[in-house]
Each structure stands twice: as structure tokens, then as C-alpha cells.
Amino acid sequence: ENGVEGRAVRVGTRRSQLARIQTDSVVMMLRELYPDLHFEIVAMSTTGDKILDTALSKIGEKSLFTKELENALERNEVDLVVHSLKDLPTSLPPGFTIGAVCKRENPLDAVVFHPKNCGKTLSLLPEKSVIGTSSLRRAAQLKKKFPQLEFRDIRGNLNTRLKKLDEKEDFSAIILAAAGLKRMGWENRIGQLLAPEDCLYAVGQGALAVEVRAKDQEILTMVSALHDADTVLCCIAERAFMKRLEGGCSVPVAVNTLLKDGQLYLTGAVYSLDGSDSLKETMQTSVNYPHENEDGPNDDVQHVGITAKNVPARAQEAAENLGIELANLLLSKGAKHILSVARQLNDA
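Keep in mind it's a predicted model, so treat the numbers as computed, not measured.

Engineer: Hey, could you run me through the pattern of salt bridges in this one?
Structural biologist: Pairs can form between side chains of opposite charge whenever their charged atoms are close. Tallied over the entire structure, the rule returns 14 salt bridges. Between D87 and R14 there is a salt bridge; the shortest N-O distance is 3.5 Å. With a gap of 73 residues between them, D87 in the loop between β3 (80-84) and β4 (96-101) and R14 in strand β1 (residues 8-14) connect regions that are remote in the sequence. The closest approach of N and O atoms between D109 and R138, which form a salt bridge, is 2.8 Å. Of the two residues, D109 is situated in strand β5 (residues 109-113) and R138 in helix α5 (residues 136-145); the sequence distance between them amounts to 29 residues. With relative accessibility at 0%, the residue D109 sits in the buried group. Look at the salt bridges and you will find they share partners, linking R10, D79, R213 and D216 into a network.

Engineer: Would you mind going over the nonpolar core with me for this structure?
Structural biologist: Here is a general trend for soluble globular proteins: nonpolar side chains tend to be buried in one another's company. By size, the foremost hydrophobic cluster in this structure holds 52 residues, and its most contacted members are L85, I98, F241, L245, V253 and V270. Counting only elements with at least two residues in this core, the list comes to α4 (67-74), β4, α9 (229-245), β11 (253-260), β12 (263-271), α10 (313-332) and α11 (335-347). With ten residues, the top contributor of residues to this core is α9. Grouped together as the second largest cluster of nonpolar side chains are 20 residues, L80, C102, V210 and V223 included.

Conventions and cut-offs
Residues numbered from 1 in each chain as written. Predicted model: local features only at pLDDT ≥ 70, side-chain atom pairs only at ≥ 80, totals over all residues. Heavy atoms only, no water. Salt bridge = Lys/Arg side-chain N within 4 Å of Asp/Glu carboxyl O. Helix = DSSP H or I, 4+ residues; strand = E, 2+ residues; numbered from the N terminus. Buried < 20%, exposed > 50% of the residue type's maximum accessible area, 1.4 Å probe, protein only. Core = buried A, V, L, I, M, F, W, Y, C linked by side-chain atoms within 4.5 Å.

See below:
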């Protein structure tokens, strides 16, 4: 049927516990859909896993957590790779595509408190309390909202960061993605969920992506069954917004999307590093299009790196245009200046 029978399908992943859990969940869905296929997981370390003494935004490499995995994909050592979508740049290397975007977990940011601050919220912490985060986006928004707090860089995988929080007195709290904590089974550590009005989230946060070779039709067709249409449309809009702004992990760009009654609402914002300067706007568009039969030469059109054959093409176009238009609106109001200053300060 899909030509994959009889061979093992090799799935690439990072070695971290969270990456393994995320990959296992994707493989489990694939096994349910294709009980006759044999899936094999291949774990490897990436540059981002190895460089732990430098802030992510300072390393300046967009594909920190993806390059080694993509090299393996290119050499046919693996057939597909599972990533957190937010780790994938908005422009993928030639020859690759995101063949599936799975149903999104809660995309919000969460505060995990030091045991001695249990039961508190950020606004109740003593003045000059130190909050750990590796994200410029989180720090910029929260500095503005909570000027009495101090924000300091913290690196390492989830296990390492929680250990640093619990075993030392350096941090009063740390900010992490709620999705990661939930997948690790540590939901009970979430002391406070940050609502979008406090902290807009990262592009693609909470969604898992399956990257494949764009020309490998068998694998592409196989994984496309995992697409969640609503998540696909939200993430296309978010990624198009980021791409048009030329944002990466070295600048604070944040979003919030909502899909309701066929309308897609996208809120996007850019911030200076200290959060004092910011631009934020919301736009909406209709994505209520029927699925047309779109076989033919352009049935593999990518939208910001995503190939979603089973999501209406016109809905994907509308989502992408929404992201571009919102970015253009912010650019017309001076976003380029805010971002270039942020970039220069960060590089300095």
C-alpha cells in the first residue's frame, strides 16, 4: 500500500529524556496506525545538548538542536525525525519538510517555584528574587510586567534545570514550557500558568513536528496521517509571522493563536531585551475552506516548511498570509528597529 512494508522505519531523536518521551509518543501513534510496520528509534546528541555553558541566544546557530538529526536524515541513516516544532527554523534546509504537526499540547509558559516559595505567584515573590529562563522572549515580557524581579540565564535540559532550582538557592523560580513539564509527568510542579496577557508564547510552542525527506513520498504519506489540522493552521500563521520578521532565538518575538468557528486569530509581538519597548497587534482571517481535490503537480506545496496534504490548501494559504500581514503591520510601526537593537545588544 505505501511501500514501507518489510523494512524498518528508523526514527531519529535527541537523547534527552523529554525528546525520548516525545519521540515515543509519536512512534506509538504510528504503530497504532500501521501495526504491520517495524519502527526503530535512533537517539543522538546535538550541538545544543553539548554546549551547556553558553546562553542559547549567544550561540547564534539557528539549528542547534536539529542539525545532527538532519545530517542523519540526509544520509538515509534515519527516515524521519521528531522535534519540538519551536526548535525548527522557519526555513528548513533544501530537501527537507515537516511532514506532520501533531495535536498541540498546552502552549503556555509555566512557573516552577523553589520548594521554599511553594504556593506563591511571581507577583508575591520578594523584591530582587532571581528567576531563571534561557529565553529572551520570556525575560523581555516578564521584566516589563514584574520590574521588581531579576532574570538570569539557566541552561540544560528539563531535568538539569529543575535540579539547579531545587538543590541550590540561586533561583526563586524558573520559567519552562508547560507542554514539556506535562509530557514528563511533572505537571504537579507547575506553580503558575502564565496567561497570554502576562506572557505570549514562542512560535510553535507545545507542538511536535515530524521532519522527513521532501522527496520520500512513502514516508511523507505515512506520517501525514498524524497532522492535526487546527494545530497546522495555527503554526503556519505563527511561523510565517516569525519568518517575515526574520526572528530567531536571538530576538524576542512572541505569539498567541486561537482558532474558533472557522476564524483564525493571531496575536504577535516584538520586544526590546528589557521589555521597555514593544509592539503588539492582533489580526484575524477565515480559514473555513472545504477540502478540494488537489492532486497534480503542486500537491506538495510547502507553507513555511510544512507539507500538509490533508489540510485544505486555501486554509493553509490564508493562515500563511495572516502571519505575513501581521508581521508587515508591526514592521510598518517600527518592529525592525526594535528587533535590530535587540539583536545588536544580544550579540554585544
